[in-house]
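Each chain is listed here by its residues.
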Amino acid sequence: MQIDIKNRIVIITGPSTSGKTTLAKKIKEMSPVNTAIIAHDDIAAIIDQNKTEDEKNEDFWAIMIEKIGESLEDSENKLVVFDVLGIEDVYIYSLLQMIELVSSYYDDVTMIKMNLPVDKHLEFAKSRIDNDPNVKLYYRNLEEYWRAIMLQRSYYESSEGSLESDFFVCSEYVISDPKDVQIKFDLIKNKEKQKIKSFYC
């Protein structure tokens with residue numbers, strides 16, 4: 001599958017271990033312009049896990065807002081890729097709203113939704129639990145890890161999930177194999193912001 005990247009912002013979303021980070025890194029490696037990655041896991045890793053869920057959620061979005069501001073205000077970053085665990089549609093709506101409010105970004109975005117076949121997803125999960133020590137901190141074995149992933153998939157595919165939701169973005173792609181993706185860059189230089197256009201129009 002070919003992904004045409006024409007916008008400054010790319011959002012990659014989907015359940016854990018569905019290839020989001022692999023694809024984000026591939027985009028950055030191939031990009032002809034300076035590219036920044038904002039990753040959900042990187043932000044989550046620096047949050048105090050002893051806090052309550054509400055406190056952790058507040059901390060997460062506070063850091064996310066800071067990262068959005070830093071990345072989009074830096075004119076050297078011609079492309080910003082969000083690698084996020086946005087299985088809930090409300091997560092993606094919140095992210096889009098924050099991008100618009102924090103940085104006054106009114107152009108379109110490229111939305112990439114990961115949707116691996118179950119057997120390939122399981123293959124990725126087996127590989128990750130064998131090779132990623134961070135996963136072993138949270139899950140005792142593959143069965144427990146896979147159960148958590150399947151719960152995420154179930155929500156992601158539901159009516160409240162982000163897979164089937166329309167976020168009114170310019171381009172949307174659903175990817176079944178992140179290793180079988182061709183990327184074409186067609187970024188418009190010095191594109192003027194559309195002052196009237198909104199993510200929700």
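Residues numbered from 1 in each chain as written. Predicted model: local features only at pLDDT ≥ 70, side-chain atom pairs only at ≥ 80, totals over all residues. Heavy atoms only, no water.

A. Examining the sheet that holds strand β6 (residues 171–175) more closely. An order of β3-β4-β2-β5-β6 is seen for the 5 strands of this open sheet, with the pairing classed as parallel. Two strands lie at the open edges of the sheet, namely β3 (35–39) and β6, each paired on one side alone. Averaged over neighbouring strand pairs, the angle between their axes works out to 15 degrees when direction is ignored. On the sheet, helix α1 (residues 20–30) packs against β2 (9–13), β3, β4 (79–84) and β5 (109–114) and is oriented at approximately 170 degrees with respect to β4. (Pairing = 2+ DSSP bridges. Helix = DSSP H or I, 4+ residues; strand = E, 2+ residues; numbered from the N terminus. Axes fitted to C-alpha atoms, helices over the stretch in contact; angles between N-to-C directions. Contact = heavy atoms within 4.5 Å.)

B. Structural context of unusual backbone geometry. Even without being a glycine, Thr-17 presents a positive backbone phi close to 60 degrees. Looking at where Thr-17 falls in the secondary structure, it is placed in the loop between β2 and α1. Its identity is not glycine, yet Ser-104 carries a phi of approximately 55 degrees, on the positive side. Along the polypeptide, Ser-104 turns up in the loop between α4 (89–103) and β5. For Ser-104, a relative accessible area of 33% corresponds to the partly exposed category. (Buried < 20%, exposed > 50% of the residue type's maximum accessible area, 1.4 Å probe, protein only.)

C. Fine view of the layout of surface pockets. A volume near 1600 Å³ is recorded for the largest pocket. Broken down by secondary-structure element, the contributors of at least two residues to the lining of the largest pocket are α1, β3, α2 (40–45), α3 (53–73), β4, α5 (118–131), α6 (133–138) and α7 (142–156). Its residues placed into classes, the lining of the largest pocket shows 19 nonpolar, 13 polar and 11 charged. (1 Å grid on protein atoms, 1.4 Å probe; cavity = no way out; pocket = protein on both sides within 12 Å on 5 of 7 lines; lining within 4 Å. Points joined across faces, edges and corners; volume = space filled by probe spheres on them. Nonpolar A, V, L, I, M, F, W, Y, C, P; charged D, E, K, R; others polar.)

D. Seen up close, the nonpolar core. Core analysis: the biggest nonpolar cluster contains 25 residues, and Ile-11, Met-64, Phe-82, Leu-95 and Ile-99 have the highest contact counts within it. Dropping the residues within four chain positions of it, Ile-11 is found in contact with Phe-82, Val-84, Ile-92, Leu-95, Leu-96, Ile-99, Thr-110, Met-111 and Ile-112. (Core = buried A, V, L, I, M, F, W, Y, C linked by side-chain atoms within 4.5 Å.)

E. Region of the structure containing the packing of α3 against α4. At a minimum axis separation of 10 Å, α3 and α4 run at an interaxial angle of 45 degrees. Comparing the axis directions of α3 and α4 gives the class oblique. Considering the relative orientation of α3 and α4, their crossing is right-handed. Facing Phe-60, Trp-61, Met-64, Ile-65, Ile-68, Gly-69, Leu-72 and Glu-73 of α3, the residues of α4 in contact are Tyr-91, Ser-94, Leu-95, Met-98, Ile-99, Val-102 and Ser-103. (Parallel < 35°, antiparallel > 145°, perpendicular 65-115°, else oblique. Left-handed = near helix turned anticlockwise from the far one by under 90°.)

F. Inspection of the pattern of salt bridges at higher detail. Going through the model one piece at a time under the given rule, you end up with 9 salt bridges. One salt bridge in this structure joins Glu-172 and Lys-113, with 3.4 Å as the shortest N-O distance. Linking Glu-172 in strand β6 with Lys-113 in strand β5, this pair joins segments that are 59 residues apart in sequence. Ionic contacts of the salt-bridge type, sharing partners, join the residues Asp-41, Arg-128 and Asp-132 into one network. (Salt bridge = Lys/Arg side-chain N within 4 Å of Asp/Glu carboxyl O.)

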